[in-house]
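Listed here are the chains, written in short residue letters.
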Amino acid sequence: MATIVVGFKDNAGGRRALELAIDEARRRDAKLIVVNSLRGGYDTSPEEINESRRALSGIEERLPDEGIEFDVQQLVRDNAASEDILQVASEHDAELIVVGYHRRSATGKLLLGSTPLHVMQGAACPVLAIAES
């Protein structure tokens, strides 16, 4: 079975990426793996972890109604989100990675370091990056 990996953060870009990934999984009859990556340690508070877990619980409740096979993973292990997304995609031989991103100014586009950019540079499969609306 084909696999689609979506990087999820509970914001406009993350929610939009999730919707697109669900549509793609349904269209391709693929398994969807939702990855929520938090740095952990001093960079992530227990409240942030709990907020993300609540958002993921809502996704876990919703996805059975979408008619697709899925897995939801919250990773808190001192990795950059891009590292976790790429690792999960590699482990599952993903055919597509979906990530959301924030629109940036012309100057902001010149800056490296964004999760979508690192995913695009490191992926062994196509990456669909969708801007928040």
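Look above for the structure.
Because the structure is predicted, anything quoted here is derived from the model rather than measured. (Residues numbered from 1 in each chain as written. Predicted model: local features only at pLDDT ≥ 70, side-chain atom pairs only at ≥ 80, totals over all residues. Heavy atoms only, no water.)

(A) Layout of the environment of N50. Residue position: N50 is located in helix 2 (residues 46-62). For the pair N50 and D29, spaced 21 residues apart in sequence, the C-alpha separation works out to 31 Å. (Helix = DSSP H or I, 4+ residues; strand = E, 2+ residues; numbered from the N terminus.)

(B) Fine view of a negative patch on the surface. A surface patch of like charges, here negative, comprises D43, E47, E48, E51, D78 and E83. The greatest single-element share of the negative patch, amounting to 3 residues, is contributed by helix 2. Inspection of the secondary structure assignment puts E48 in helix 2. (Patch = residues over 30% accessible without salt bridge, like charges linked within 9 Å, V, L, I, M, F, W, Y side chains within 5 Å. Areas by Shrake-Rupley, 256 points an atom, 1.4 Å probe, with all protein chains shown as cover. Salt bridge = Lys/Arg side-chain N within 4 Å of Asp/Glu carboxyl O. Lys, Arg positive; Asp, Glu negative; His and termini not counted. Charge placed at Lys NZ, Arg CZ, Asp CG, Glu CD.)

(C) Inspection of the environment of V127 at higher detail. Tracing the backbone shows V127 in strand 5 (residues 127-131). Taking the C-alpha atoms as reference, V127 lies 9.7 Å from V6; in sequence the two are 121 residues apart. When neighbours within four sequence positions are excluded, V127 is seen to be in contact with L96, I97, V99, V119 and M120. (Contact = heavy atoms within 4.5 Å.)

(D) A look at the packing of helix 3 (residues 81-91) against helix 5 (residues 115-122). The N-to-C vectors of helix 3 and helix 5 enclose an angle of 35°; their axes lie 8 Å apart at closest approach. Judged by the sense of rotation from one axis to the other, the crossing of helix 3 with helix 5 is right-handed. Contacts between helix 3 and helix 5 pair A81, S82, I85 and L86 from the former with T115, H118, V119 and G122 from the latter. Looking at the contact of helix 3 with helix 5 residue by residue, the class counts come to 4 nonpolar, 4 polar and no charged. (Axes fitted to C-alpha atoms, helices over the stretch in contact; angles between N-to-C directions. Left-handed = near helix turned anticlockwise from the far one by under 90°. Nonpolar A, V, L, I, M, F, W, Y, C, P; charged D, E, K, R; others polar.)

(E) Inspection of the nonpolar core at higher detail. Counting residues in each nonpolar core, the largest one holds 20 residues, and the members touching the most others are I4, V6, L18, L32, V34, I59 and L63. For this core, the elements supplying multiple residues, two or more each, are strand 1 (3-7), helix 1 (12-28), strand 2 (31-38), helix 2 and strand 4 (96-101). Looking at this core, the element that brings in the most residues is helix 1, giving 5 residues. Apart from the residues within four sequence positions on either side, L18 is in contact with V6, F8, L32, V34, I59 and R62. Of all hydrophobic cores here, the second largest spans 12 residues; its members include V5, V88, A89 and C125. (Core = buried A, V, L, I, M, F, W, Y, C linked by side-chain atoms within 4.5 Å. Buried < 20%, exposed > 50% of the residue type's maximum accessible area, 1.4 Å probe, protein only.)

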